[in-house]
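Take a look at the letters that make up each chain.
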Amino acid sequence: MKEVIRKNILDLPYSLHDARVSKITMEEEKIILYFSQGFYELRNDDYLAVKGKSLISIEGWDLDFCAVYLFDSVGNNGKLSGEKYRLDAFINRFPHMDFEIIDETYGYNQSKFSGYFYEGNKIKECTIDIYHFGNMKYVVQNS
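Residues numbered from 1 in each chain as written. Predicted model: local features only at pLDDT ≥ 70, side-chain atom pairs only at ≥ 80, totals over all residues. Heavy atoms only, no water.

(A) Inspection of the environment of Tyr-138 at higher detail. Topologically, Tyr-138 is positioned in strand 12 (residues 136-141). For the pair Tyr-138 and Tyr-47, spaced 91 residues apart in sequence, the C-alpha to C-alpha distance is 16 Å. Those residues in contact with Tyr-138, other than ones at most four positions away along the chain, are Leu-12, Pro-13, Tyr-14, Leu-16, Phe-39, Leu-55, Ile-56, Glu-104 and Tyr-106. (Helix = DSSP H or I, 4+ residues; strand = E, 2+ residues; numbered from the N terminus. Contact = heavy atoms within 4.5 Å.)

(B) Region of the structure containing the sheet that holds strand 5 (residues 46-50). Here we have three strands laid out as an open sheet, ordered 1-4-5, and antiparallel in their pairing. Both outer strands of the open sheet, strand 1 (14-15) and strand 5, are each paired with one neighbouring strand and no more. Bridge count between strand 4 (residues 39-43) and strand 5: five bridges; the pairing is antiparallel. Across the sheet, residue Tyr-40 finds its bridge partner in strand 5, namely Ala-49. (Pairing = 2+ DSSP bridges.)

(C) The sheet that holds strand 12, seen in detail. Pairing within the open sheet is antiparallel, and its nine strands lie in the order 8-7-11-10-9-2-3-6-12. Edge positions in the sheet fall to strand 8 (82-86) and strand 12, since each has one partner strand and no second. Ignoring which end each strand starts from, the neighbouring axes of this sheet average 25° apart. The pairing of strand 3 (residues 30-35) with strand 6 (residues 53-59) spans six bridges and is antiparallel. (Axes fitted to C-alpha atoms, helices over the stretch in contact; angles between N-to-C directions.)

(D) Spatial organisation of the environment of Ile-91. By the element assignment, Ile-91 lies in helix 1 (residues 87-93). Looking at Ile-91, the relative accessible area reads 12%, which means it is buried. Considering only alpha carbons, one finds Ile-91 and Lys-2, 89 residues apart in sequence, at a separation of 45 Å. Leave out the neighbours within four places in its chain, and Ile-91 touches Ile-24, Thr-25 and Met-26. (Buried < 20%, exposed > 50% of the residue type's maximum accessible area, 1.4 Å probe, protein only.)

This is the structure we're talking about:
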């Protein structure tokens, strides 16, 4: 019997947990997530805040498989209601946003970000799925 082990991704250079996305843009070859308050560098089991201009650039996206799920409720139980958007439609509907990332998940050609979407005094659950063939680049400018 053959066993194959898929190792856990433990060497991420930055954590997006609690990071807040203020804007998403789509350019010819990349999707850019802009962070209003930076994110966190992982160094020796310590989390160091990266301040100043911070963004993530995701290259080689495939729009047919990029989606945003925006749920009306927050919590672990109950019926689901909400909307599913194509990424470009979501960006057009919410050109400026306040999306707090709680979880980030990476797999084969995929990056997924889940958390809370703040719209006025309403809080919604949100998941952004980005299907891409290229790299994900962290761009930071310390203040």
